[in-house]
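Survey of secondary and tertiary structure
Here is how the chains run, residue by residue.
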Amino acid sequence: MKLHWFLPALVGTVLMATAVEAATLEQWRFDQGQNQLEIKTDQRVQPRAKLLSRPTRLVIDLPGIVLGRPRQSQSVGGAIRSLRVGQFDRSTTRIVVELAPGYTLDPKQVRFRGLYANQWIVQLPEPQLVPPSEPNESDEDIIVGQRPLEVPPETVILVPFPEQKGTSPATPRAIAPAPRTSLPPLRTPNSRPIVVVDPGHGGPDPGAIGIGGLREVDVATPIAFQVAELLRKEGIDAVLTREDDRDLGLEPRVQLANRLNANVFVSIHANAISLARTDISGLETYYYDSGKELAETIHRSILESTGVRDRRVRQARFYVLRRTRMPAVLVEVGFVTGAEDAPRLRDPDFQKRMAEAIARGILRYLRLER
Ligand SMILES: [Zn+2]
């Protein structure tokens, strides 16, 4: 499965949702730090947007979408005052981003990015103060890129068509600002867990080089891919940070996990020390804060089934551990420089056993082990 970040407009048709296909808005949230609105519906959607004047507000319509049960407003404060969501007409959900008086934003800089056909990120520019001499009086359409072509099968949730109780077109109601709370998860409580699996390094960065030229990336990648595959078989939304051998910095790996609001982040690497210390072999599993239990569970699972040396669960300030907002671990599956580890790490059977052990540890941590 490929991640569809943003596909160019390959298809010009807009899917019109029929009554049978009525979809709902599952979740939305505004991340004030990043000026980003995230929208998740249970089926595909092609948003439309406009900047309206007097008062200045950004309006995002979700055609074919009825309001599910997400919360209806979020107060932000500052130049972006609040966001509210309402049923605009029978089949359109409307999200209104309200700006503080005297502020506007450049509609050309509002970016819609389809993460999936049912999941969009709206990046808002920094609002600007409007000089009182030139108030903006006109409404401006915002160009929204075509939706990605696919809803990933893992995230399609079919819902029964909700009863229409004589709904009539209505503008969204203004709702008293909700108390400021932490950001809600971008998924429903009963939806499947999301696990982000991160194969370390990639592309021009092979990671450490060990005995006989064994490259860390060639160990971490097949193990990570197999972990994701095993988890998917167990009904988990396993998302890889990279699906091929590409160059990927640390920040996008973390951003993906945070944006998906994953339950768990697992980064897979292989360790190295100098080739003069081939006597050092063994497993190390790292966490920074909330990942301790996850680290211990995965670590134990690997020791149980692979017989590798135990070099303990450790705490470290790795970027991917510090910046992820969920329990996160980094597994150093063995030393590419270790006389004992290196031959095993390049063995596909051992890689498979390692992947199974990591997947089992994740399932155990999520209380999903069969
Ligand atoms: Zn590494």
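The structure this text deals with has already been given above.
As a starting point, this report considers the structure included with it. Position labels on residues start from 1 in each chain and follow its written sequence. Since the coordinates come from a predicted model, pLDDT governs what is reported: local features require at least 70, and pairs of side-chain atoms require 80 or more to be given and counted, while whole-chain, interface and lining totals use all residues. In computing side-chain properties, one takes all heavy atoms of the structure into account and sets aside hydrogens as well as water.

**Considering the overall build of the chain**
We count a stretch as a helix when DSSP gives it H or I for four or more residues in a row; a strand needs E for two or more, and each element gets its number in order from the N terminus. In terms of regular secondary structure, the chain is built from six helices and 19 strands. Expressed as a percentage of its 370 residues, the buried residues of the chain come to 52%. The contacts of the chain with a sequence gap of at least 6 include a subset with a gap of at least 24, amounting to 76%. Carbon and sulfur atoms provide 52% of the accessible area of the chain, an area that totals close to 17,400 Å². Only protein chains enter the accessibility calculation, which uses a 1.4 Å probe; a residue is then buried when its area is under 20% of its type maximum, exposed when over 50%, and partly exposed in between. In this description, contact between two residues means that some pair of their heavy atoms is separated by no more than 4.5 Å. All accessibility values rest on the Shrake-Rupley procedure with a 1.4 Å probe; residue burial counts only the protein chains present in the view.

**Focus on the pairing of strand β2 (residues 36-41)**
In terms of burial, β2 is a largely internal element, six of the six residues being buried. The alternating pattern of β2 places Gln 36, Glu 38 and Lys 40 on one face and Leu 37, Ile 39 and Thr 41 on the opposite face, and all of these are buried. By definition, two strands form a pair when at least two bridges between them are found by DSSP. As paired elements, strand β1 (residues 23-31) and β2 share six bridges and run antiparallel to each other. From the neighbouring strand, Arg 29 faces β2, where its bridge partner is Glu 38.

**Brief notes about unusual backbone geometry**
Phi is positive for Asn 261, close to 50°, though the residue is something other than glycine. Mapped onto the secondary structure, Asn 261 falls in the loop between α2 (250-260) and β16 (264-271). With relative accessibility at 15%, the residue Asn 261 sits in the buried group. Although it is not a glycine, Arg 367 adopts a positive phi angle of roughly 60°. Positionally, Arg 367 belongs in the segment after α6 (348-365).

**Quick look at the sheet that holds strand β10 (residues 111-116)**
Read from one edge to the other, the open sheet built from five strands follows the order β5-β1-β2-β11-β10, with strand pairing classed as mixed. Whereas interior strands pair on both sides, the edge strands pair on one side only; in this sheet they are β5 (65-67) and β10. In this sheet, adjacent strand axes meet at a mean angle of 30° when their direction is disregarded. Where helices are involved, their axes are fitted lines through C-alpha atoms of the stretch in contact, as for all axes, and angles between N-to-C directions lie from 0 to 180°.

**A few points about the pattern of salt bridges**
Whenever Lys or Arg places a side-chain nitrogen within 4 Å of a carboxyl oxygen from Asp or Glu, that contact is recorded as a salt bridge. Using the criterion set out here, one finds 20 salt bridges in the structure. The shortest N-O distance in the salt bridge between Arg 84 and Glu 98 comes to 3.1 Å. Taken together, the residues span a long stretch of sequence, with Arg 84 in strand β7 (residues 80-89) and Glu 98 in strand β8 (residues 92-99) at a distance of 14 residues. For the residue pair Arg 84 and Glu 98, the accessibility class agrees, reading buried in each case. Between Asp 279 and Arg 277 there is a salt bridge; the shortest N-O distance is 2.9 Å. Taking the relative accessible area as the measure of exposure, Arg 277 reaches 39% and is therefore partly exposed. Three or more residues joined by partner-sharing salt bridges are found here, namely Arg 309, Glu 340, Asp 341 and Arg 344.

**A closer look at the packing of aromatic side chains**
For Phe, Tyr and Trp, where Trp contributes only its six-membered ring, two rings pair if their centres lie within 6.5 Å, and the inter-plane angle classes them as stacked under 30 degrees, edge-to-face over 60, or tilted in between. Taken as a whole and assessed by the stated rule, the structure comprises two aromatic pairs. Where Phe 112 meets Trp 120, the ring centres are 6.5 Å apart and the plane angle is 70°; that geometry is what we call edge-to-face. The class for Trp 120 is buried, based on a relative accessible area of 1%. Taken together, a centroid distance of 5.0 Å and an interplanar angle of 65° make the contact between Tyr 286 and Phe 318 edge-to-face. Of this pair, Tyr 286 sits in strand β17 (residues 283-287) while Phe 318 sits in the loop between β18 (310-315) and α4 (319-322), and the two are 32 residues apart along the sequence. In this scheme, the term charge over a ring applies when either NZ of a lysine or CZ of an arginine sits within 6 Å of the ring centre and within 35 degrees of the ring normal. One residue, Arg 94, lies across the ring of Phe 88, its end atom 3.8 Å from the ring centre.

**A short note on the packing of helix α1 (residues 216-233) against α6**
Across the interface, α1 lies against α6 with an axial gap of 8 Å and an inter-helix angle of 50°. Looking at the two axes, α1 sits oblique to α6. Relative to α6, the crossing made by α1 is right-handed. Across the interface between the two elements, Asp 218, Val 219, Pro 222, Ile 223, Gln 226, Val 227, Leu 230 and Leu 231 from α1 touch Gln 351, Lys 352, Met 354, Ala 355, Glu 356, Ile 358, Ala 359, Ile 362 and Leu 363 from α6. All amino acids are sorted into three groups, where Ala, Val, Leu, Ile, Met, Phe, Trp, Tyr, Cys and Pro are nonpolar, Asp, Glu, Lys and Arg are charged, and the leftover types, Gly among them, are polar. Split into classes, the residues belonging to the contact of α1 with α6 amount to 12 nonpolar, two polar and three charged. Oblique is the label for every angle not falling under 35 degrees (roughly parallel), over 145 degrees (roughly antiparallel), or within 65 to 115 degrees (roughly perpendicular). By convention, the crossing between two helices is left-handed when the near helix turns anticlockwise from the far helix through less than a right angle, and right-handed when the turn is clockwise.

**Comments concerning α1**
With 18 residues, α1 should cover 26 Å at 1.5 Å per step; its first-to-last C-alpha distance of 26 Å lies within 8% of that length. Buried residues of α1: Glu 216, Val 217, Val 219, Ala 220, Thr 221, Ile 223, Ala 224, Val 227, Ala 228 and Leu 231, and no others. Among the residues trailing α1, Gly 235 stands out with phi positive, at a value near 85°. Working rule for helices: expected span equals 1.5 Å times residues minus one.

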